[in-house]
Amino acid sequence: MSWVNELIDLYEINSDKIGVIEYRRDMPYVLLPPFHTTVTAQITVTIDQNGNFMNAELVDLNDKLTIIPVTEKSGSRTAGKEPHPLCDNLRYLAGDYTKYYEDDGICHELYISQLKEWVESGYCHEKVRVIYLYLKKNTLVSDLVKKRIIKLNEQNQIDDKENIQGIVQTKAFVRFIIRSSNTDLSEIIQDECWKDRTLQDCYINYVRSQEKEKGLCYLTGNTEAISYLHSKKIRNEGDGAKLISANDSQNFTYRGRFVSKEDAFAVGNETSQKIHNALKWIIRKQGTFFDTLVVVTWESHRLSMPRWNVDTDTIASEYAGDDDWDDEESEEESACDGNAITAEKFYSALRGYGKKVDNTSKMILLGFDAATPGRLSMVEEMTLDSARYLENIKKWHESCNWIHEKWKNKKRVQFSGMVGVKDVADILFGIESKGNLTIVDANGKKLYAEVARRLIPCIWNGNKIPYDFVNRAVLKASMPLTYKDRKNWERVLTLACSLVKKNKSERYGEEWNVALDKKQIDRNYLYGRLLAVADRIEYRTYDDGDKARVTNAKRYMSTFSQRPFETWKVIEESIQPYMNKLGIAERRFYENLLNDIYELFEVESFKDNKKLDGLYLLGFHSQAYDLNQKKEDFKEKEEEE
């Protein structure tokens, strides 16, 4: 099934949501009825059932999203004069607009003529009739002036320098409330025109009644009224880029293969409405933005599923089905090292999600980006069985599993798994800003989209991690001096460990874990362990005021990664004064530890001065993590001796 059918199915299965304004992070969104769109209104005019003006007020900023009916042409309006059928800006609605602003009045003539046709049709709604009666009086602007909504200048004209909620007064959008005299409390009537489903249904039937010529829809194969003007506002309310467009008859949009656009492509009007409305709704509901790229995913049966782009801790925390969790733990799950609580919750969450899916359940991913302001392109399209999707999510977090830290509820927490996609972009390509790693340059933010595009196949299909990402992470982790905040460098280090671990598994079938491997004889790993011990020895001698000091191990880390044998001699000499500051038991512990590591080296591999690969970072971090976890009380040991 194509993405078109998936979007149509999405629209149909969520038909109970049509016309219902919902919120995500305080931002409103709605699944639109056919032949409708959303606008941001600035003025609400209230009139009674006889078409008499009652009141006017500015729209509440928390209730500005307004559903309005549109025609095929007005829905694609840019610089033209095509009026919307019911609600529009002052230039169209106000019959007295020319008295207060220099204008030819054509927009109002077109609007009122179009509205009259609807009123006189067999599909007129009572609210439409009332609005028509009021606007025929040609008093809208004067009523708004009396209510001090519209401000005039000294010439008694609409003041161009004044604006309403950031919009020039002449372009202010007006919506209507019709006060009902209904006293039957058992019948719920929406006074607000933009929320009235009966009004929306009347307009839908009115449009369908006017459809005459029908043709073959190339997307569905159905016979229906064809449209060549398609919706915008796909990614957000201000998005002018269109997914389907063919208004260039001079260049090579279709010429060369076809004589006309009708030969090239034809989409049914209602099919187009359903596709675009479903896409707008699901993007606003659960889309993820990476600069101009938006990626949206959903499950075909409206089931909640783990998000592909977040870190392991978030997946474990967001799962709401705690009752479905069980205490059974497979050998594969118990083998996960690191934060056992997070690992257990992560696997339990995946089991909980897995219990809900069946053989017909699918996960769909669509990605859209715009190369120009007017053209939107689908850059990603994937469909997976939901069970396969869950398995691939599990594999991604397992194959990258390492110990990471993040801020959560204003606290620094540690978790076992993999960081999120945006974190990967910030760590690999960001700089320190206000204490955090982030991409701050406006042009550089395109890297968010680039990183997302390249990681989607890795997460969804299990493709190999981009090798340049691995190299970049290793290079940045080898330069701790470039970071003012040690915690930022540690984020780089742990990401590098995750990527190196995954790369080693994919390319060589090697398995590496956070748990220190005390029998490992790989030269890179052992040199990393030596560096971690040297770093720990010096750090142990620091007073509280010295904690911000950089150890010699970190100071020489970049050079050490390039020429380890030569640089280790320098580091080894530099730690001797610090070794002498330690207590007897602690000094003996570190001396024995260094000797244990030396004994694992082969003589020739130790003297080999060639560049270390990223595995040395795993040795470094595993050894450092192991030392941090130890609770040796060296003072007690010294007293015993």
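Rules used in this analysis
- Residues numbered from 1 in each chain as written.
- Predicted model: local features only at pLDDT ≥ 70, side-chain atom pairs only at ≥ 80, totals over all residues.
- Heavy atoms only, no water.
- Salt bridge = Lys/Arg side-chain N within 4 Å of Asp/Glu carboxyl O.
- Helix = DSSP H or I, 4+ residues; strand = E, 2+ residues; numbered from the N terminus.
- Buried < 20%, exposed > 50% of the residue type's maximum accessible area, 1.4 Å probe, protein only.
- Pairing = 2+ DSSP bridges.
- Axes fitted to C-alpha atoms, helices over the stretch in contact; angles between N-to-C directions.
- Contact = heavy atoms within 4.5 Å.
- Expected span 1.5 Å × (residues − 1).
- Core = buried A, V, L, I, M, F, W, Y, C linked by side-chain atoms within 4.5 Å.
- Patch = residues over 30% accessible without salt bridge, like charges linked within 9 Å, V, L, I, M, F, W, Y side chains within 5 Å.
- Areas by Shrake-Rupley, 256 points an atom, 1.4 Å probe, with all protein chains shown as cover.
- pLDDT = per-residue confidence, 0-100.
- Phe/Tyr/Trp six-rings, centres within 6.5 Å; stacked < 30°, edge-to-face > 60°.
- Lys NZ or Arg CZ within 6 Å of the ring centre and 35° of its normal.
- Left-handed = near helix turned anticlockwise from the far one by under 90°.
- Nonpolar A, V, L, I, M, F, W, Y, C, P; charged D, E, K, R; others polar.

Caption draft 1: Up close: the pattern of salt bridges. The tally for this structure, following the rule as stated, stands at 32 salt bridges. As a salt-bridge pair, Lys362 and Glu6 come within 4.0 Å of each other at their nearest N and O atoms. Separated by 356 residues along the polypeptide, Lys362 in strand β16 (residues 362-372) and Glu6 in helix α1 (residues 3-13) bring together distant segments of the chain. Residue class for Lys362 comes out partly exposed when judged on its relative accessible area of 23%. Residue classification places Glu6 among the buried residues on the basis of a relative accessible area of 4%. The salt bridge involving Arg491 is made with Asp423; its shortest N-O contact spans 3.6 Å. Here Arg491, found in helix α17 (residues 486-508), pairs with Asp423, found in helix α14 (residues 421-429); they are 68 residues apart in sequence, far enough to count as distant. Look at the salt bridges and you will find they share partners, linking Glu405, Arg412, Arg486, Lys487 and Glu490 into a network.

Caption draft 2: Structural view of the sheet that holds strand β4 (residues 43-47). Pairing in this open sheet of three strands is mixed, and the strands run β5-β4-β9 from one edge to the other. The sheet terminates laterally at β5 (53-58) and β9 (174-178), the two strands that pair on one side only. Adjacent strand axes in the sheet meet at a mean angle of 25°, parallel and antiparallel pairs treated alike. Pairing of β4 with β9, which is carried by five bridges, proceeds in the parallel orientation. Bridge pairing in β9 links Val45 to Phe176. Together, β4, β5 and β9 form the strand contacts of helix α5 (residues 126-135), whose direction differs from that of β9 by roughly 115°.

Caption draft 3: Layout of helix α23 (residues 584-600). The first and last C-alpha atoms of α23 sit 25 Å apart over 17 residues, in line with the 24 Å expected at 1.5 Å per residue. When we look at burial in α23, the residues that qualify are Ala585, Glu586, Phe589, Tyr590, Leu593, Leu594 and Ile597.

Caption draft 4: Broad picture of the sheet that holds strand β15 (residues 293-299). Across the sheet, which stays open at both edges, the four strands sit in the order β14-β15-β16-β17 with antiparallel pairing between neighbours. Pairing within the sheet leaves two strands with one partner each, and these edge strands are β14 (288-290) and β17 (375-385). With strand direction ignored, the average angle separating the axes of adjacent strands in the sheet is 20°. Sheet strands touched by helix α13 (residues 386-399): β15, β16 and β17. Its angle to β17, the strand with the most contacts, is close to 95°.

Caption draft 5: Highlighting the nonpolar core. Among the nonpolar cores identified, the biggest contains 99 residues, and Trp308, Leu455 and Trp460 are the most heavily contacted of them. Other than its neighbours up to four places away in sequence, Leu455 contacts Trp396, Val421, Val424, Ile465, Pro466 and Phe469. Val119, Leu135, Ile158 and Phe176 belong to the second largest nonpolar core, which has 48 residues in total.

Caption draft 6: Molecular detail of α1. Of all the residues in α1, the buried ones are Trp3, Val4, Glu6, Leu7, Ile8, Leu10 and Tyr11. The inward-facing, buried residues of α1 abut α9 (269-286), β15, β16 and β17.

Caption draft 7: Spotlight on the pairing of β4. Judged by how many residues are buried, β4 sits mostly within the fold: five of five residues are covered. Residue alternation in β4 divides its side chains into two sets, Ile43, Val45 and Ile47 and Thr44 and Thr46, and both sets are buried. Of the pairings in the sheet, the one linking β4 to β5 comprises five bridges and is antiparallel in character. Bridge pairing links Ile47 to Phe53 in β5. Between the end of β4 and the start of β5, which pair antiparallel, lie five residues, with Gly51 showing a positive phi angle near 80°.

Caption draft 8: Geometry of a nonpolar patch on the surface. A grouping of Leu216, Tyr218 and Phe265 is seen on the molecular surface, where their side chains present a nonpolar patch of about 290 Å² in accessible area. Its location among the elements puts Leu216 in strand β10 (residues 215-216).

Caption draft 9: Inspection of the confidence of the model for the protein chain at higher detail. When pLDDT is averaged along the protein chain, the result is 89, and 90% of the positions lie at 70 or above. Within the model, pLDDT remains below 50 along residues 183-188, and this stretch shows one contact once partners closer than five positions in the same chain are excluded. For the stretch residues 322-338, pLDDT sits under 50, and the model shows 30 contacts to residues farther than four places along the chain or on other chains.

Caption draft 10: How the structure looks around the pairing of β15. Among the seven residues that make up β15, seven are buried, leaving the element largely enclosed by the rest of the structure. Pairing of β14 with β15 involves three bridges; the strand directions are antiparallel. Bridge assignment links Thr288 to a residue of β15, and that residue is Val295. Counting the residues between successive antiparallel strands, the hairpin from β14 to β15 contains two residues, one of them, Asp291, with a positive phi of roughly 60°. In the sheet, β15 pairs with β16 via six bridges, with the strands oriented antiparallel. Counted as the bridge partner of Trp298 is Ile364 from β16.

Caption draft 11: Highlighting the environment of Val45. Secondary-structure assignment places Val45 in strand β4. The buried category is assigned to Val45, whose relative accessible area is 0%. C-alpha separation for the pair Val45 and Asn277, spaced 232 residues apart in sequence, amounts to 27 Å. Leaving out residues up to four positions away in the same chain, Val45 has contacts with Phe53, Asn55, Ala56, Tyr134, Leu140, Leu144, Val174, Arg175, Phe176 and Ile177.

Caption draft 12: Representation of the packing of aromatic side chains within the structure. Under the definition given, this model contains 21 aromatic pairs. Residues Phe429 and Phe469 carry aromatic rings whose centres are separated by 6.2 Å and whose planes lie at 75° to one another, so their mutual orientation is edge-to-face. Of the two residues, Phe429 is situated in helix α14 and Phe469 in helix α16 (residues 467-477); the sequence distance between them amounts to 40 residues. Here Phe429 falls in the partly exposed class, since its relative accessible area comes to 22%. For Phe469, a relative accessible area of 2% puts it in the buried group. Here the aromatic residues Tyr527, Phe560, Phe565, Tyr598, Phe601, Phe606 and Tyr616 are joined through ring pairs into a cluster of three or more. Positioned above the aromatic ring of Trp194, the side-chain terminus of Arg175 is 3.7 Å from the ring centre. Just above the ring of Phe290 sits the side chain of Lys422; from NZ or CZ to the centre is 5.7 Å.

Caption draft 13: Summary view of the packing of helix α4 (residues 106-120) against α5. At their nearest, the axes of α4 and α5 sit 10 Å apart, and the two run at 145° to each other. Judged by the sense of rotation from one axis to the other, the crossing of α4 with α5 is left-handed. The residues of α5 that touch α4, namely those facing Tyr111, Ile112, Leu115, Lys116, Trp118 and Val119, are Val128, Arg129, Ile131, Tyr132 and Leu135. Grouping the constituent residues of the contact of α4 with α5 by class yields nine nonpolar, no polar and two charged.

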